[in-house]
Amino acid sequence: MQMTIGQFLLKRLTEIGIEHMFGVPGDYNLQFLEQVKACDGLHFVGNCNELNAAYAADGYARLKGAGALLTTYGVGELSAICGVAGAAAEHVPVVCITGAPPLHAMEQRLPLHHTLADGNYDDMMICFRQFTAAQTRITPANAVGEIDRVLTTCLREKKPVYIQLPSDVSYLTVEAPDAPLDLSFASDPHQLEAAVKHALRLWSQAKRSALLIDMDADRLGLRHLMAELVEKAAVPYASLTTGKAILSETHPLWVGHYLGEGSSVEAKACVEGSDCLITTAPRFIEVNSGHFTQKLPKDHTIMLACHSVTIGNVRYEGVNAQELLRHLLQQVPERAGDNHRRLEEEAWSPQADAPLTQERLWQRMARFIKAGDTVLAESGTSNIGLTSQALAPDVTYISANIWGSIGYTLPATLGTALAAPDRRHLLFIGDGSFQLTAQELSTLLRLELKPIIFLLNNRGYTIERYILGMQEAYNDVANWKYAELAGVFSEKGNFLTAHARTEGELEAVLEKAAVSNALTFIELHLDPFDAPATLKTFGPATAEFDYGPLGPQRLSA
C-alpha cells in the first residue's frame, strides 16, 4: 500500500509498542511533528531539553520494551548523545530520530545553520555510530528497507539506533508493505538441540546448581522463565547489583548480591562453588565485581546472551536464550524445596524526635516500597542506600548502574510514568543530581503525572565527598528551596509537597504520600557528611583505584 515515509515510520513505531515519543521541536523536525500529531496511538511529549528527552525515552523503554527520541540536527542531537550513550551501555532499545536538513542541501554540501558550515553532513552520524547499533539516512529510494532494518536491529540487539530524516522527504509517498514488522528470532534447530543437550548434561551431573542474575535477564525477557526455574528446581540464585530486584529479593532461595570478594559468604559460595551456573552474560565493572575479584566457575557456566549461548568453552551461535530456557524448564526434574516460605520482615518502630540518618532512612524506605512499584534510584547515595535493602517482590528497579550519569532518574521517571500509568512510581534523587535535570519536574506537572519524589537534601555530592574532598567547596551545591519548585513550575496546584527532618516527620509525610492522588515531592533533610555504610567503604576504595598509592586521597587522609 502507499503511504508517506513519515507515516510508515510512525506505523512501525506503534507496531513495536511505542505510544509516546520524547523530544524537542526544531525547524528540521517540524514537518515530521505534524505527522506525529495526526498519528493515532502515538503522542509527542515535549521536554525541556534534549538530554532530558533521551533519559525519558530510556526510562520509557525499560518498561515498554522500546522508546523513541526526536531531536533536530546538530545542536539538538548532540545535546542528547550522553543519554543515548547511557542507553547503549545499559542495553536499552531507543529509536533516535533526528530531523535533518533537506536532502538536496546535504547532497550539495550547502553550509547551513545547526552545522559547522563546512558542508560536512557525515559528522553527526559518525558521532552516533559510536553509541548505536545501526544508523541510516532516509531517502525515497531506501526508506522502507532501511526503516525496517534499523528498527529490527534495535529490538534484536537491545541497543539504540539512529535515523536521519531529511526535512524534505517525510511527506513523500512510497510503496509500503502491509505485513507488520517481523521481529521473530528462531534458533538454528541443530545449534539449539546441541546446546540443550549440553546444558542438560551439565545440569544432571551437578550437585550445586545456581543462577546469577544481571540486567540482561530483564532486557532479554528471561525474568519469568528464570523465576519458574527457581520454583521448579529449587535452585538458589544471586544477583549482581546491576541486576537488582529482577528476581525477588524476599524469596528464601535468594542468597544476596554477588560482588566478588565483596560478597557475603553465602552468595560467594553459591556462585563460585556452583558446578552448573546459569547466568545472563554479566558485564563486570569495578562497581559490581568487588574491583574485578569475581571468579565464575568457567567450565561449569551456561552463559545466555542475545543470539548465542556459551556452555563452558563451547559457544553455540544462533541460539535464542528464551527457547533454551523453555526446553530446560520442560526437561529438568522437579525438586522439592521450601520455595514458598517468605522471609519475615522485622517490625519497624520510628524514633519520633531522632534526626534522619542514612542508616535508618533506607531501612524505612524499603518498607514503604510495595510489590509492583517502579523504583528509580539516582546514582550515588540513593542507589547505594537502596541496593543494600531487600525490596518487595515484583518491583522494577531502575538505576544507571553502568553509565552512572547523574540527573538521569528525574526525566527517566517521566518516561516510566507514561509507560505504566497504573503503577506507582517512586523516585529517590539527591540534590546535586536533581539540579542537573530539574526542569523536567515541570513536564511531570504539566502532564499531571503522579510519582512520589524523595529529594535528599544533603548539601552536595555525598558520594564524591567520600571519594575525595570531604569538605571541599567543589562538592557543594547551592541550597535551593526544592519543595517550592513545584509551585514555580505549575499554577494548577496539582501536587503535594512536604519536608522531613526527623523520623516522626517522615512517618507523617509517608502516611500522606501513601494516599496522595497527585505528584508528591518530599524534601528529606540529611547531614551532608552522613552516608550509607557501603558508601563509606566504596568511596575510599574508589579513590585508591582511581588515583593510585600516591594519589591526593593519601595526602588528605
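Residues numbered from 1 in each chain as written. Predicted model: local features only at pLDDT ≥ 70, side-chain atom pairs only at ≥ 80, totals over all residues. Heavy atoms only, no water.

J.: Even after reading the chapter, I still don't get the sheet that holds strand β9 (residues 209-213), so can you show me in this structure?
T.: In a beta sheet, neighbouring strands are held together by backbone hydrogen bonds and run either parallel or antiparallel to one another. Here 7 strands make up an open sheet; going across it, the order is β11-β10-β9-β12-β13-β14-β15 and the pairing mixed. Two strands bound the open sheet, and with one partner strand each, they are β11 (254-257) and β15 (314-317). Sheet twist, expressed as the mean angle between neighbouring strand axes with direction ignored, is 15°. Bridge analysis of strand β14 (residues 308-311) against β15 gives 4 bridges, and the strand direction is antiparallel. Directly across from isoleucine 311, in β15, lies its bridge partner valine 314. Those strands touched by helix α12 (residues 321-331) are β12 (276-279), β13 (301-304) and β14, and its axis lies near 135° from that of β13. (Pairing = 2+ DSSP bridges. Helix = DSSP H or I, 4+ residues; strand = E, 2+ residues; numbered from the N terminus. Axes fitted to C-alpha atoms, helices over the stretch in contact; angles between N-to-C directions. Contact = heavy atoms within 4.5 Å.)

J.: Just to check I follow, could you spell out the pattern of salt bridges for this structure?
T.: Across all of its chains, the model carries 22 salt bridges by this definition. As a salt-bridge pair, glutamate 15 and arginine 12 come within 3.0 Å of each other at their nearest N and O atoms. One end of the pair, glutamate 15, and the other, arginine 12, are both in helix α1 (residues 5-15), 3 residues apart, so they sit about a helical turn from each other. Relative accessible area serves as the criterion here: at 2%, arginine 12 is assigned to the buried category. Notably, a salt bridge pairs lysine 492 with glutamate 448, separated by 3.6 Å at the nearest N-O pair. Here the residue lysine 492 occupies a position in the loop between α19 (485-489) and β20 (495-500), and glutamate 448 occupies one in the loop between α17 (440-446) and β19 (452-457), the gap between them amounting to 44 residues. A residue is classified by how much of its surface remains accessible, and lysine 492, at 52% relative accessible area, is exposed. (Salt bridge = Lys/Arg side-chain N within 4 Å of Asp/Glu carboxyl O. Buried < 20%, exposed > 50% of the residue type's maximum accessible area, 1.4 Å probe, protein only.)

J.: Quick question: what am I supposed to make of the pairing of β19 here?
T.: Note on strand geometry: in a regular strand, side chains alternate between the two faces of the sheet. Most of β19 is tucked away, with 6 of its 6 residues classed as buried. Both faces of β19 are covered, namely the face carrying Ile452, Phe454 and Leu456 and the face carrying Ile453, Leu455 and Asn457. Pairing analysis gives 5 bridges linking strand β18 (residues 425-430) to β19, with the strands arranged parallel. Opposite glycine 430, over in β19, you have leucine 456 as the bridge partner. Looking at chain direction, β19 and strand β21 (residues 519-525) are connected through 6 bridges and run parallel. Bridging across to β21, isoleucine 452 finds its partner in threonine 520.

J.: What is the right way to read the state of the cysteines from this model?
T.: Think of a disulfide as a covalent bridge from one cysteine sulfur atom to another cysteine sulfur atom. Here the structure, examined in full by the defined rule, presents 0 disulfides. Looking at cysteine 96, it has no disulfide partner, and the nearest cysteine sulfur is the one in cysteine 154, 8.0 Å off. (Disulfide = S-S within 2.5 Å.)

J.: I would appreciate a short explanation of the packing of α1 against helix α7 (residues 143-157) in the present structure.
T.: When two helices pack together, their arrangement is given by the angle between their axes and by how far apart the axes lie. It is at 10 Å that the axes of α1 and α7 come closest, and there the two elements cross at 25°. The angle between α1 and α7 falls in the class roughly parallel. The hand of the α1/α7 crossing is right-handed. Contacts from Ile5, Phe8, Leu9, Arg12 and Leu13 in α1 reach Ala143, Val144, Ile147, Asp148 and Leu151 in α7. Considered class by class, the residues forming the contact of α1 with α7 number 8 nonpolar, no polar and 2 charged. (Parallel < 35°, antiparallel > 145°, perpendicular 65-115°, else oblique. Left-handed = near helix turned anticlockwise from the far one by under 90°. Nonpolar A, V, L, I, M, F, W, Y, C, P; charged D, E, K, R; others polar.)

J.: Please clarify how the environment of tyrosine 474 should be interpreted in this entry.
T.: Among the structural elements, tyrosine 474 can be located in the loop between α18 (462-467) and α19. Linking tyrosine 474 and glycine 460, residues 14 residues apart in sequence, is a C-alpha distance of 8.8 Å. Other than its neighbours up to four places away in sequence, tyrosine 474 contacts Tyr461, Leu468 and Gly469.

J.: Help me out: how do you make sense of the packing of helix α3 (residues 50-64) against helix α15 (residues 409-419) in this one?
T.: Taken N-terminus to C-terminus, the directions of α3 and α15 make an angle of 40°; their axes are 6 Å apart at the nearest point. By the criterion of interaxial angle, the relationship of α3 to α15 is oblique. The way α3 lies across α15 gives a crossing that is right-handed. Judged by residue contacts, Asn52, Tyr55, Ala56, Gly59, Tyr60, Leu63 and Lys64 of α3 engage Pro411, Ala412, Leu414, Gly415, Thr416, Leu418 and Ala419 from α15. Among the residues forming the contact of α3 with α15, the class breakdown is 9 nonpolar, 4 polar and 1 charged.

J.: Can you walk me through α3 in this structure?
T.: Side chains that are three or four residues apart share a direction in an α-helix, a result of its 3.6 residues per turn. Under the 1.5 Å per step criterion, the end-to-end length of α3 is 20 Å for 15 residues, consistent within 8% with the ideal 21 Å. Of all 15 residues in α3, 12 are buried, a share of seventy percent or more. Those residues of α3 that fall on the buried side of the exposure criterion are Glu50, Asn52, Ala53, Ala54, Tyr55, Ala56, Ala57, Asp58, Gly59, Tyr60, Ala61 and Arg62. One side-chain oxygen at the N-terminal end of α3 lies 3.2 Å from the backbone nitrogen of leucine 51; it belongs to asparagine 49. Just past α3, the residue glycine 65 takes up positive phi, approximately 100°. (Expected span 1.5 Å × (residues − 1). Polar contact = N/O pair within 3.5 Å; in protein donor to acceptor, adjacent residues only side chain to side chain.)

J.: What am I meant to see in the sheet that holds strand β2 (residues 20-23) here?
T.: Spatially, β3-β2-β4-β5-β7-β6 is the arrangement adopted by the 6 strands of the open sheet, whose pairing is parallel. Single-partner strands in this sheet number two, and they are β3 (43-46) and β6 (135-137). In this sheet, adjacent strand axes meet at a mean angle of 25° when their direction is disregarded. Looking at chain direction, strand β4 (residues 67-72) and strand β5 (residues 94-100) are connected through 6 bridges and run parallel. Looking across to β5, one finds that threonine 71 is bridged to threonine 98. Strands β2, β4 and β5 of the sheet are contacted by α3, whose axis makes an angle of about 165° with β4. With respect to the sheet, α7 is in contact with β5, β6 and β7 (161-166), its orientation differing from that of β6 by roughly 160°.

J.: Can you help me understand the packing of aromatic side chains in this one?
T.: With the rule as written, the count across this model stands at 12 aromatic pairs. Measuring from centroid to centroid gives 6.4 Å for phenylalanine 434 and tryptophan 480, while their planes differ by 75°, and the two rings are edge-to-face. Separated by 46 residues along the polypeptide, phenylalanine 434 in helix α16 (residues 431-437) and tryptophan 480 in the loop between α18 and α19 bring together distant segments of the chain. Since its relative accessible area comes to 31%, tryptophan 480 is described here as partly exposed. Taken together, a centroid distance of 5.8 Å and an interplanar angle of 75° make the contact between phenylalanine 434 and tyrosine 482 edge-to-face. Here the residue phenylalanine 434 occupies a position in helix α16, and tyrosine 482 occupies one in the loop between α18 and α19, the gap between them amounting to 48 residues. By relative accessible area, phenylalanine 434 is classed as buried at 0%. Residue placement shows lysine 244 over the ring face of tyrosine 397; its charged tip is 5.6 Å from the ring centre. The ring of phenylalanine 368 has arginine 424 sitting right over it, with the charged end atom 4.6 Å from the ring centre. (Phe/Tyr/Trp six-rings, centres within 6.5 Å; stacked < 30°, edge-to-face > 60°. Lys NZ or Arg CZ within 6 Å of the ring centre and 35° of its normal.)

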